[in-house]
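Fold and contact review
Residue strings, one per chain:
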Amino acid sequence: MSLQVNDFNAWYDDFHAIKHINMNVPKHKVTAFIGPSGCGKSTFLRCINRMHEVIPGTKISGEINFEGSNIYNRNIDPVEIRQRFGMVFQKPNPFPTMSIYDNVVAGLKLKGVRKKKRLDEVVETSLKAVGLWEEVKDRLTKNSMGLSGGQQQRLCIARTIAINPEVVLMDEPTSALDPISTAKIEELITELKKQYTIVIVTHNMQQASRISDQTAFFLLGDLIEINDTEKIFSQPEHQRTEDYISGRFG
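Since we're looking at a predicted model, the values are computed, not measured. (Residues numbered from 1 in each chain as written. Predicted model: local features only at pLDDT ≥ 70, side-chain atom pairs only at ≥ 80, totals over all residues. Heavy atoms only, no water.)

Some thoughts on the pairing of strand β7 (residues 167–171)
Quick reminder of the rule: The cut-offs for exposure are 20% and 50% of the maximum accessible area for each residue type, with area from a 1.4 Å probe on protein chains only; residues under the lower value are buried, those over the upper are exposed, and the others partly exposed. To qualify as a helix, a DSSP run of H or I must reach at least 4 residues; to qualify as a strand, a run of E must reach at least 2; elements of each kind are numbered from the N terminus. Between any two strands, pairing holds if DSSP finds at least two bridges.
A large share of β7 lies buried, amounting to five of its five residues. Where burial is concerned, the two faces of β7 agree: the one with V167, L169 and D171 and the one with V168 and M170 are both buried. Across four bridges, strand β6 (residues 85–88) lies against β7 in parallel orientation. Within β7, the position partnered with V88 by the bridge is M170. The pairing of β7 with strand β8 (residues 197–201) spans five bridges and is parallel. Paired with V167 across the bridge in β8 is T197.

Here is the structure:
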């Protein structure tokens, strides 16, 4: 297993946003989080790479174990966790004042990598991995904001994998994209799981059924059910899961 979550809880002040979550996230698989708005999916995703704690008034309890260690242990640097657990957000967020090249290597430079040959190699490898190299190889010095929305999101994924994380977290990465760009991102996710463990939050149940190996259904901060995606969508164990999947609410 890549991640083991034991009795995990998260709060915003007095609001209990995530309640007693227990789950396993397998290596080199895609795990999808589904559920209605406000059910805790994105909050839990942010907890996995310790971004929840940067918000004032938040707290957590329980464990998220990775490679045998609780990522919330006091001796573990949250910055190190955020490097090992890359995050891709809902809206493409390339650094607006930077070139395509500098966007990809931003994380590496923060880690102190300066050799141009090494940076060049990572740019080419990362952009090829997201299917963007042929589209941008002749304009790497151009501003990243000149790319289309779908290209910007693939650039953000390239930036994420450039620092060689072990887990890639995606918070509705295609919700702001057109169908063609969405299809490209979905194909990319299927390829990336060969190298990375992927967790994706999505409102699109068809997307979850297409690309994920495992699906977790959240409702009002509770994990109602987690199982193989095929079983979740064909034979859910809980009535509330079936009601959500069949469109009775949400």
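Considerations on the pairing of strand β3 (residues 30–34)
Of all five residues in β3, five are buried; the element is thus mostly enclosed. Summarising the sheet, β3 and β8 pair through four bridges and their orientation is parallel. When the bridges of β8 are listed, F33 appears paired with V201. Direction of pairing for β3 relative to strand β9 (residues 214–219): parallel, over a ladder of four bridges. Residue F33 lies in a different strand from β9, and its bridge partner there is A216.

Let's talk about the packing of aromatic side chains
So the rule is basically this: What counts as a ring pair is set by centres within 6.5 Å for rings of Phe, Tyr and Trp (its six-membered ring), and what kind of pair is set by the plane angle: stacked under 30 degrees, edge-to-face over 60, tilted for all other angles. Both a distance and an angle decide whether a charge sits over a ring: NZ of Lys or CZ of Arg must be within 6 Å of the ring centre and within 35 degrees of the ring normal.
By the definition in use, this model includes seven aromatic pairs. Between F8 and Y72, the ring centres sit 5.7 Å apart and the planes meet at 40 degrees, which makes this aromatic pair tilted. Linking F8 in strand β1 (residues 3–12) with Y72 in the loop between β5 (69–70) and α2 (78–84), this pair joins segments that are 64 residues apart in sequence. Given a relative accessible area of 14%, Y72 falls into the buried group. With centroids separated by 5.5 Å and ring planes inclined at 25 degrees, the aromatic side chains of F33 and F44 adopt a geometry described as stacked. You can see F33 sitting in strand β3 and its partner F44 sitting in helix α1 (residues 41–48), a full eleven residues away along the chain. A single burial state applies to F33 and to F44, both of which are buried. Taken together, the ring pairs connect F8, F33, F44, Y72 and F218 into an aromatic cluster. Above the face of the W11 ring, K59 is positioned so that its terminal group lies 4.9 Å from the ring centre. The ring of F95 carries the charged tip of R159 above its face, separated from the ring centre by 4.2 Å.

Some thoughts on helix α7 (residues 179–192)
To be explicit about the condition: Helix span is expected to be 1.5 Å times the residue number reduced by one. Note that the arc is computed from the directions linking the helix axis to the C-beta atoms. The contact criterion used is simple: two residues touch if any of their non-hydrogen atoms lie within 4.5 Å.
Taking 1.5 Å as the rise per residue, α7 with 14 residues should run 20 Å; its terminal C-alpha atoms sit 20 Å apart, in good agreement. Buried within α7 we find S181, T182, I185, E186, L188, I189 and L192. Summarising the axial view, the buried residues of α7 lie within an arc of 160 degrees, below the 170-degree limit, and thus occupy one face. Opposite the buried face of α7, by more than 90 degrees, sit the exposed residues P179, I180 and E187. Among the structural elements, β3, α4 (116–129), α6 (149–162), β7, β8 and α8 (205–211) are those in contact with the buried residues of α7.

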